[in-house]
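As a plain string of letters, each chain reads:
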Amino acid sequence: MKILFVSPTAQAGTPQYTHNLMNALADRGHEIALITGVDYELASASRKYQLLEVIDRYKLHFGRLKAAWKLLKELKPDIIHYQGAQRPMAYLGTWYALRALSSAKFVYTPQDILPFDEKSRNVAVLRKFYHRMSHVFLNAKQNLE
């Protein structure tokens, strides 16, 4: 299976979780790629997946966006797997772009069920994002509700 991970968070706990999950999936024979934020803290770590640092909160990098489009075109993922929860607008925005470019199934593993900033706008955007996923994987039973 070909899986593209999208994880805007380039630092903190999410990259380690995602890194280990992607390496484990690669060990099982899956082709894995990651689109993440610039300055990915595990960029120098040994990995079994393709890495592309694209997302920058401060400016658009057209060369990086072109590289992401090329990766998507070459990989032709069966699944696009989102990780995290802290930037709902980025998640929904990338979903619209990727949905237009890919016929992959979309899945999501939120590290946090709601964004730390629980403004009603962020919660509403995240809910829209949840409803666009084929599957949502929760790391704890208490998060199901």
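Residues numbered from 1 in each chain as written. Predicted model: local features only at pLDDT ≥ 70, side-chain atom pairs only at ≥ 80, totals over all residues. Heavy atoms only, no water.

S.K.: Any chance you could explain the confidence of the model for the protein chain here in plain terms?
M.R.: Model confidence for the protein chain is summarised by a mean pLDDT of 84, while 86% of its residues fall at 70 or above. Taken element by element, the protein chain is modelled with least confidence in helix H4 (residues 120–131), mean pLDDT 81, and with most confidence in strand E1 (residues 2–7), mean pLDDT 94. (pLDDT = per-residue confidence, 0-100. Helix = DSSP H or I, 4+ residues; strand = E, 2+ residues; numbered from the N terminus.)

S.K.: Explain the pattern of salt bridges to me, please; I cannot follow it from the model alone.
M.R.: It is possible for side chains of opposite charge to pair when their charged atoms get near one another. Applying the stated rule across the entire model yields two salt bridges. Between Glu74 and Lys70 there is a salt bridge, with the nearest N and O atoms lying 4.0 Å from each other. Highlighted residues: Glu74 and Lys70, both in helix H2 (residues 62–75), separated by four residues, approximately one helical turn. (Salt bridge = Lys/Arg side-chain N within 4 Å of Asp/Glu carboxyl O.)

S.K.: Is there a simple way to think about the packing of aromatic side chains in this case?
M.R.: The relative placement of two aromatic rings is captured by the distance of their centres and the angle of their planes. If you walk through the whole model with that rule in mind, you get nine aromatic pairs. Measuring from centroid to centroid gives 5.6 Å for Tyr82 and Tyr91, while their planes differ by 35 degrees, and the two rings are tilted. Summarising the burial analysis for this pair, Tyr82 and Tyr91 share the class buried. Arg47 extends its terminal NZ or CZ atom over the ring of Tyr49, reaching a point 5.9 Å from the ring centre. The residue whose ring lies beneath Arg132 is Trp95, and the NZ or CZ to ring-centre distance is 5.4 Å. (Phe/Tyr/Trp six-rings, centres within 6.5 Å; stacked < 30°, edge-to-face > 60°. Buried < 20%, exposed > 50% of the residue type's maximum accessible area, 1.4 Å probe, protein only. Lys NZ or Arg CZ within 6 Å of the ring centre and 35° of its normal.)

S.K.: Looking at this structure, how should I read the nonpolar core?
M.R.: In a soluble, globular protein the nonpolar side chains are often hidden away together inside. In terms of nonpolar packing, the biggest core is built from 23 residues, with Leu4, Ile80, Tyr82 and Phe129 touching the most fellow members. Put simply, the parts of the chain that give this core at least two residues each are E1, strand E2 (31–37), strand E3 (50–55), H2, strand E4 (79–83), helix H3 (88–101), strand E5 (105–109) and H4. Each residue touching Phe129, except ones within four places of it in the same chain, is listed here: Tyr82, Tyr91, Leu92, Trp95 and Tyr108. Formed by 12 residues, the second largest nonpolar core is a distinct cluster that contains Ile32, Leu42, Tyr49 and Val107. (Core = buried A, V, L, I, M, F, W, Y, C linked by side-chain atoms within 4.5 Å. Contact = heavy atoms within 4.5 Å.)

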